[in-house]
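# Report on the structure
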Amino acid sequence: MPLDAEVSRQSAYPSRPIRWYLPGMPVALPLALLLSAAVPAAVEARQAAPAPPSETFQAAWSGSRVSPPSGSYAPEALQADLKRLLERGAGLVRIAGQGVSSEGRPILVLAAGSGPEKVLLWSQMHGDEPTATCALVDLLSHLVATRTDPATEQLLSRLTLLVLPMLNPDGAVRNDRRNAQGIDINRDAVELQTPEGRFLKGVRDRFAPAAGFNLHNQGALVTAGPGGPQSALAVLAVPGAESEADGPAVARKKGLAAVMARAAEPFGPGRVARYDMSYTQRAFGDSMSRWGTPTVLLETGGWDGPGEAERLVRLNFTVLLSALHALARGKEALAAPAYDLLPFNVRGRLVDLVLRDATVHGGRGLPPFHADVAFVRARAFAGEAQRLAATAVTGVGDLDHLLGLTEVDAAGLVVAPAPPGGAPAWEKTFAGLVARGLAKDDSLLLDEAGLARESRSWAAGGVVTAWSAVDLVLLRRTEKGLVVEGFVRDGVRVK
Ligand SMILES: [Zn+2]
C-alpha cells in the first residue's frame, strides 16, 4: 500500500465514511526486508537473543512513564499526551486510524513498528476501566525512549503494534462502563449499534491483526484461587467458539496469557488468576477470536496498599511488554501448558475489612451478640459487580468464608453504630453523654442495656446489618467503663 493511503471506513455515522490517513506508515518496508537475502540470517540471530526478563520492564517503567499518578486519564489529557508522543516518536509512532465517539470525541489508534505481524491492543471500551490505558501510553513512551536498543529494534521489526488506548471516551468522562447511548460496547460486537464498536471492528478488518489484547479492569475484590491472595491481574485466552479445537490460535492465546502471568510472578507471587468466562458471541474479545484475531483478555484487579493505581499500571506495562517480546520471537506458544495451571478468579470471598469476633450492638436496641462484621468500600472504578454507591457493611455473623484486605481481631471489643457525620458528630455525642453523667474522661459509663439504648438513639437509624452504610465506634471494656478504642469510618479502621 502506498504512503498516504486513504481507506474509507465505517464511522460514527454509517452513511458518512471517514478517511484513514496513514502518514509515514512504511508499509513497503517489511516486504523489502523479507525479500532481502541478507535479512533472514539477521532475523535468526535476533530470534536467538532471549527476551528481556520482566524485571527489566518493571525497572524501566518509572523512566518511561508519562501517565498520570491517578492511574486514570481524562480524554483531553490523553489526547495531549498522545500528541506529545507523536512528536517525540516522529518516524516511529504514527496515527493509524481515527474514529469518533457517539458524542464526537476523537478515538485514536497509534501504530508503532514495521513488522509483518500486526498486534491490536485496545483499552477502556468500558469508560470506568482506565488502568491499561495508562500502561499503553507508557509502553509507547518506552518504545520511543528505547528505539535504538536491540530488544526494542527487534520487537518493532517483527511486530506492528496498533494501540487504541481509549475506545470509550464518552464513558470515561462520566466514569461509566457504557457509551453515551447507554450501551455496553463489549456486548455490541454482533449488532454494531455503537460508533465505537463499529470503529473497533473496522480497525480489525482493516489490519487483520495476528493477535489481540482486550484490556479491562475487573474490580479489586477478587482472589487468585479460593485460598489465594488478591488478584492483581486475571487473564483469559478468549474463546472464538462454543467449543474450540486446539491449534495454533489457541496455543497463541494461552501462551500469551501464560507469559503475562509468568512476567508478573516476581513482583506479585500468586497474584495472577485465570478469568472465568465462557464463550459470549456478542462480546468483542470472543468475536475478535472468531474473526481470526486470537485475543487475550487482561483484567486488572487490585493490589492493596499505598500507590495501588500506579503499581497496577506498572504491572500492566511489564506484562504487556513481556508478552509482546515473546510474540516477536515467536516463542509465546511454548508457555501455553502453564495457562491451564493458573488458579481461577474467585469472586465473593474478598472484602475490604473484617472485624473478627466482636461483641455487636446492632443499633436496633437488641441484646448484644458475637459476630464478625465485613465492610466493602465504594470505589471509583470497581467493576460492574462490586460498585457500591457508598461504603457498606456487607455481612454480619460467622464470616469465616471471607478474607478481609484488612483483618481486625475484635475479640474483647464492643462495636456499635457511630453517629453519622464522622469525628465532629462523635465529639458532640460524647459531650452530650458527659453532660448527662453517662461519660467521663474517655470512657462511657454505660452497661450493656444502656449502650444498646444510647447507641440506638445517637445512630439515628444507622444499623449494623448487610447493605447499610454505617460507621462504627469500637469500645473496650475496662474497669473504668467502655473506653473508646477507635472507629470504622468509610470502611477503614481509624483511631
Ligand atoms: Zn471491562
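This text gives an overview of the structure that appears in the document.

## Observations regarding the coordination of the zinc ion
Bound to the zinc ion are the protein donor atoms His-126 (ND1), Glu-129 (OE), Glu-129 (OE) and His-216 (ND1), situated 2.0 to 2.6 Å from the metal. Around the zinc ion sit 4 donor atoms; with metal-centred angles ranging over 55 to 151 degrees, the donor geometry is irregular. Between consecutive donors of the zinc ion, the numbers of intervening residues give the motif H-x2-E-x86-H. Of this pair, Glu-129 sits in the loop between β5 (117-123) and α5 (131-145) while His-216 is found in strand β7 (residues 211-217), placing the two residues 87 residues apart along the sequence. We classify Glu-129 as buried; its relative accessible area is 3%.

## Regarding the pairing of β7
Within β7, 7 of the 7 residues are buried, which leaves the element mostly enclosed by the surrounding structure. Side chains Ala-211, Phe-213, Leu-215 and Asn-217 project from β7 onto one buried face, and the interleaved Gly-212, Asn-214 and His-216 project onto a second face that is buried too. By the bridge criterion, 5 bridges tie β5 to β7 in an arrangement that is parallel. Counted as the bridge partner of Leu-121 is Phe-213 from β7. Pairing of β7 with strand β11 (residues 295-300), which is carried by 6 bridges, proceeds in the parallel orientation. What sits directly across from His-216, in β11, is Glu-299.

## Brief notes about the side chain of Ser-468
Within the secondary structure layout, Ser-468 lies in the loop between α14 (448-458) and β20 (472-478). Judged by relative accessible area, which is 13%, Ser-468 ranks as buried. Not counting residues within four places of it along the chain, the set of residues in contact with Ser-468 comprises Ala-392, Val-393 and Val-463.

## A short note on the nonpolar core
Within the largest apolar cluster, 69 residues are counted, with the highest numbers of intra-cluster contacts made by Val-119, Leu-121, Leu-161, Phe-213, Met-260 and Leu-320. In terms of residues, this core owes the most to one element, helix α11 (residues 308-328), which gives 12 residues. Beyond its immediate stretch of four places on either side in the chain, Leu-121 contacts Leu-136, Leu-161, Leu-162, Val-163, Leu-164, Phe-213, Leu-215 and Leu-320. In terms of nonpolar packing, the next biggest core, distinct from the first, is built from 19 residues, Ile-107, Val-109, Leu-167 and Leu-192 among them.

## Structural notes on the packing of aromatic side chains
Evaluation of the coordinates by the stated rule reveals 4 aromatic pairs. Ring centres of Trp-426 and Trp-458 lie 5.4 Å apart, and the angle between their planes is 80 degrees; on these two criteria the pair is classed as edge-to-face. Remark: Trp-458 occurs in helix α14 and Trp-426 occurs in helix α13 (residues 422-435); sequence separation between them is 32 residues. When the ring centre of Phe-207 is taken as origin, the NZ or CZ atom of Arg-206, which lies over that ring, is 4.7 Å away. The lysine or arginine in question, Arg-311, covers the ring of Trp-303, its NZ or CZ lying 5.4 Å from the ring centre.

What counts as what
Residues numbered from 1 in each chain as written. Predicted model: local features only at pLDDT ≥ 70, side-chain atom pairs only at ≥ 80, totals over all residues. Heavy atoms only, no water. Donors = N, O, S within 2.8 Å, 3.2 Å for Na, K, Ca; no water. Tetrahedral: all angles 85-135°; square planar, octahedral: opposite > 155°, others 65-115°. Helix = DSSP H or I, 4+ residues; strand = E, 2+ residues; numbered from the N terminus. Buried < 20%, exposed > 50% of the residue type's maximum accessible area, 1.4 Å probe, protein only. Pairing = 2+ DSSP bridges. Contact = heavy atoms within 4.5 Å. Core = buried A, V, L, I, M, F, W, Y, C linked by side-chain atoms within 4.5 Å. Phe/Tyr/Trp six-rings, centres within 6.5 Å; stacked < 30°, edge-to-face > 60°. Lys NZ or Arg CZ within 6 Å of the ring centre and 35° of its normal.

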